[in-house]
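# Structural description and commentary
Listed below are the residues making up each chain.
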Amino acid sequence: MFQFSLVEFSLRHPKQVIWATVALVLLFLTQFPRIATDTNPKHMLPENSDVRVWNDEVDRAFALYEDTIVVGVKNDAGVLNRETLARIARITGAILALPGVASRDVNGFTTITNVTAEAGTLKVGPLMPGAPQSQAEVEALRGALFGNPLLVDRVISKDGKTTAIHVPLEKGANGAVIAGNIREIVAKEKGPERYYVAGDPVARDTFGAEMFKLMGIFSPVAGMIMFIAIQLMFRNLSLSFTMMGVAMAAIIISMGSLIGAGYPVHIMSSMAPVFLMAIATDSIHIFNEFYFRYREKRNKLDAIRETMAAVSRPVRYTALATTAGFAVLLFMNIVPVQVFGGLIAFGTVVLRLFSFSLIPAILTFVKEEKIARAVEKESAELNRTSRFLRKLGEIGATRPQATALAGLILVAVAIAGTTKIHVNNNLVAWFKESSEIRIADTAMNQALGGTSLGYLVMQANEPDFVKRPETMRWLEGLQRHLETLPVVGKTFSVADYVKRINRVLHDDDQKFDTIPETQDTVGQYLFLFSMSAKPADLDNVVDPTFQKANLWVQMKSWDAEAMRQVTHAADSYQKTHPLAATVKPAGIAWFNLVWNDEVLGDLVLGLGLALVVVFVILALDFRSARWALVAYVPLLFTILLIYGVVGFVGKDFDMPLSVMSTLSLGMAVDFSIHFISRFRQRLAETGGGTSEAAVREALLWTAARPGKGILRNALLFAAAFSVMLAAPLTPYMAVGAFIVSMMLLSALLTILYLPALVMIGRNWLFDDPKPTANPAPAIVKGD
């Protein structure tokens, strides 16, 4: 019966395989000009998700803008002087002329609505129509600012040193581009003022721009580092170019497929090239074994065939474990995570196909004399690395109980650390503290009400419900209650307008800074206000039927926990002050909270699914649940230790890290598969039975020979991700540190703890009624 062998086909037709790969790469490369990025937090969740549908409904009901930039102007001597005010007026005017800015609703000194009265008539107009020309006008402006609670902490700080210009953006405008234009505007002004540009769209779109640049920089840098590392390991340029060629081909095909399918590049998929380059290092086991085999056989084609026969099963199952680990992400709720999971799962399959086709094909062209020179030191007895790994394995094999006890102590400490883990997603915190965005956000939060904005929407079933005095007082009470929270800098609602109108129509008498007694009076005030104010002034806080009211909440932190405190405070107020209406949170801060909780849910779901899937793959590979459990231990040990460190150092567990926790199960288990598969092969080859001495010797051989491949794999994987430690964005740094530490730790723990566990459970493991050795083609004995 005919049996097709991809390896054999590639050895017989190497040129066809190589040229077919080149054609395939060029085909997918044609998709790259269509690349697009997307860092909009809204797109983290599906378009039909409850929070997105609700936020869109709120935006329409209250004529709200999706994005707003906050421009801060600070003068340590105070901003209320003619020179600074003239600069503010010029800056505001220039901002109004920028494309993408919703100029009609920009709020700053020259544009924000000020409510006053003159001769008993309500007067609504700009706070500062032009820059003051005299000190008397400056003092009048000072009185208007600090005499109006609506303006304090919104456009002027309590100490008078900082002002803010709130710049709403038209739908689809690029926040990073407009922020750059604003920086150019303020750079033209000379004086003692300091300028800050903050807000969610600035952070989001700047992150997208940086992400795109990093994707273009880190991939070639990671490739260069890997190339140097491979060359140092194997001392053969042909082999080094082979591995890099396989990695680059898989990256181009995978990314080309993503772009061609119409998917934008998100934060997670921007890391895909580095991930695929690192996953390609699993082919190191082929080169590692090839060197040993060639040293024994001195025949290139025989060495290739025997190498592929020896490593094919573990390489297939490690690919399956990695693919399954990433495919689990398809069941998550976060859209970019789903895309990333599918992308890397597809790329892993491509890489493994190349392992059995492109690599053997290229190896046929490598000159034997070069291989012969390179393999001279490739001996488990002579090589220093192999001797070190043998000694490491010997610790576990000869002192298994002590090794296991030390591990249990570390596990207990790690579990204590995991209890301190805090899940939090803060887009602004994804920049370094020294970044311009973090500095601006911190300065604005310290001086004013806060750059993070959330809403509380009160809804009733009755028209004009909002006009009721008791409703207005209820809103006012809720505002005062929320303002007791440290995270809340300022609140604002229709009640503030009504109180302001009531006061100015009574000669600015403080005692009338209250809600009127009748619904008719409230209705008249709001009617008068709507006739003179900008449409958005009233539209932003009530709907046309006055059944809904929108309470604005400015917070001093983008942490998801800040909005959680606000919602809890609103719930508690409603319980103690019942009203025939509902209160529901909305806005970008509410979205961030929902997204944050989805990340936590995905973390639990992903870990659970990955644990089950990986165990099934291990059990299928080893044909034994007992061996699968043993293979699990180094994996779980590694993850627990890293989680413990994350908890102890106080690093927030954000979306990228939560994804890494799931992926780590699929990637770190590769080492256990290679170790146990090759150990069982060795045991079957030597025919030494399962005596203590035979098992120990097979374990030490595995630690020294396949263990070298494991260590090389880990070093290359870590080298690829080490470039991310130099990123200006903290998620990249966190992912880099997580993967580097995970791979190195997992490799060492595999070589140390698997021998210990096998020796402790020797009788139990080899008493397994199921087959104890993986079926493998006949191979020549090792050293």
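These notes cover the structure that comes with them. Worth saying up front: this structure is predicted, and the values here are computed from it rather than measured.

## Quick look at the pairing of strand S4 (residues 162-168)
- Burial of S4 is extensive: seven of the seven residues sit out of reach of the surface.
- Where strand S1 (residues 68-74) lies against S4, seven bridges are found, and the strand directions are antiparallel. The partner of Val73 across the bridge, within S4, is Thr163.

## Some words on a nonpolar patch on the surface
- Side chains of Leu405, Leu408, Ile409, Val413, Val645, Phe648 and Val649 sit close together on the surface and give an oily, nonpolar patch of about 700 Å² of accessible area.
- Considering each element in turn, the nonpolar patch owes the most residues, four residues, to helix H16 (residues 400-418).

## Section: the packing of aromatic side chains
- Summed over the entire model, instances satisfying the criterion amount to 22 aromatic pairs.
- On the numbers, 6.2 Å between centres and 80° between planes, the contact of Phe492 with Trp552 is edge-to-face. Linking Phe492 in strand S7 (residues 488-492) with Trp552 in strand S8 (residues 548-555), this pair joins segments that are 60 residues apart in sequence. Both residues of the pair, Phe492 and Trp552, count as buried.
- Judged by centre distance (5.2 Å) and plane angle (90°), the ring pair of Phe637 and Tyr753 falls under edge-to-face.

## Digging into the sheet that holds strand S9 (residues 582-586)
- Here we have four strands laid out as an open sheet, ordered S7-S8-S6-S9, and antiparallel in their pairing. A single partner strand is all that each edge strand has here, and the edge strands are S7 and S9. Strand after strand, the sheet turns through a mean of 25° between neighbouring axes, direction not considered.

## So, the environment of Ile617
- Mapped onto the secondary structure, Ile617 falls in helix H23 (residues 588-622).
- Between the C-alpha atom of Ile617 and that of Tyr317, which follows or precedes it by 300 residues, the distance is 7.3 Å.

## Details of the pairing of strand S6 (residues 452-459)
- The element S6 is extensively covered by neighbouring structure, given that six of its eight residues are classed as buried.
- Of the strand pairs in this sheet, S6 and S8 are connected by eight bridges, and their pairing is antiparallel. Bridge assignment links Ser452 to a residue of S8, and that residue is Met555.
- Alignment of S6 against S9, held across five bridges, turns out to be antiparallel. Each residue of the ladder has a partner; that of Gln459, found in S9, is Thr582.

About the cut-offs
- Residues numbered from 1 in each chain as written.
- Predicted model: local features only at pLDDT ≥ 70, side-chain atom pairs only at ≥ 80, totals over all residues.
- Heavy atoms only, no water.
- Buried < 20%, exposed > 50% of the residue type's maximum accessible area, 1.4 Å probe, protein only.
- Helix = DSSP H or I, 4+ residues; strand = E, 2+ residues; numbered from the N terminus.
- Pairing = 2+ DSSP bridges.
- Patch = residues over 30% accessible without salt bridge, like charges linked within 9 Å, V, L, I, M, F, W, Y side chains within 5 Å.
- Areas by Shrake-Rupley, 256 points an atom, 1.4 Å probe, with all protein chains shown as cover.
- Salt bridge = Lys/Arg side-chain N within 4 Å of Asp/Glu carboxyl O.
- Phe/Tyr/Trp six-rings, centres within 6.5 Å; stacked < 30°, edge-to-face > 60°.
- Axes fitted to C-alpha atoms, helices over the stretch in contact; angles between N-to-C directions.

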